[in-house]
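# Observations on the three-dimensional arrangement
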Amino acid sequence: MRLVWWLLGLTAFAYAAYTGFLAFADYTKVATVMTNALNSQPKERWTDRAGVVHDAVVRDARVAGIPLEDKDVVVTEADRLLRVRAGWSHAMLVVRGEVAISVPVWLERSAPVTE
């Protein structure tokens, strides 16, 4: 019986480590998407830089397989600095199609406004 508990504990630990690895992989994908969007921001004054960067982050994250919604990404422009914040949840345990346990993930990047 003791062996069964050890095996169950080891399995739970391995699954938690695997889920953590997947959440970290999502984090690095979104970090890359944000960096690329900030580096390719429009240089014209008349454009809505925040809107262009927001759309690029959401679009490229979806292409990378991260289910970011419009409300999950906030882009602000203040003091000649573009700041991108994103927050989403990585499902850890799904029961009957509903997320029972999830890992919250947040990321923030900023870059100077280019002219």
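The structure we're discussing is the one just above.
Residues numbered from 1 in each chain as written. Predicted model: local features only at pLDDT ≥ 70, side-chain atom pairs only at ≥ 80, totals over all residues. Heavy atoms only, no water.

## With respect to the side chain of Asp-26
Here is the rule we go by: Starting at the N terminus, helices and strands are each numbered in turn, a helix being any DSSP run of H or I of at least four residues and a strand any DSSP run of E of at least two. Any two residues whose heavy atoms approach within 4.5 Å at even a single point are treated as in contact.
Tracing the chain through its elements places Asp-26 in helix H1 (residues 2–39). In contact with Asp-26, not counting residues within four places along its chain, are Ile-66, Trp-88 and His-90.

## Overview of a nonpolar patch on the surface
Which entries qualify depends on this criterion: By definition, no residue in a patch forms a salt bridge, and every one has over 30% relative accessible area; like charges are joined within 9 Å, nonpolar side chains (Val, Leu, Ile, Met, Phe, Trp, Tyr) within 5 Å. What sets the accessible areas is the Shrake-Rupley method with a 1.4 Å probe; for residues, cover comes only from the shown protein chains. The salt bridge criterion pairs a side-chain nitrogen of Lys or Arg with a carboxyl oxygen of Asp or Glu, the two atoms within 4 Å.
Side chains of Met-1, Val-4, Trp-5 and Leu-8 sit close together on the surface and give an oily, nonpolar patch of about 500 Å² of accessible area. Here Met-1 lies in the segment before H1.

## Things to note about the nonpolar core
Inclusion rule: Grouping buried Ala, Val, Leu, Ile, Met, Phe, Trp, Tyr and Cys residues that are joined through side-chain atoms within 4.5 Å yields what is termed a nonpolar core. Burial status follows relative accessibility: with a 1.4 Å probe on protein chains alone, a residue under 20% of its type maximum counts as buried, one over 50% as exposed, and anything between as partly exposed.
Ranked by size, the top nonpolar core spans 25 residues in total, and within it Val-53, Val-57, Leu-68, Val-73, Val-84 and Trp-88 carry the most contacts. Of all the secondary-structure elements, those providing two or more residues to this core are H1, helix H2 (49–63), strand E1 (73–78), strand E2 (81–95) and strand E3 (98–112). Apart from residues no more than four positions distant in its own chain, Leu-68 is found in contact with Val-30, Val-57, Val-58, Ala-61, Arg-62, Val-73, Gly-87 and Trp-88.

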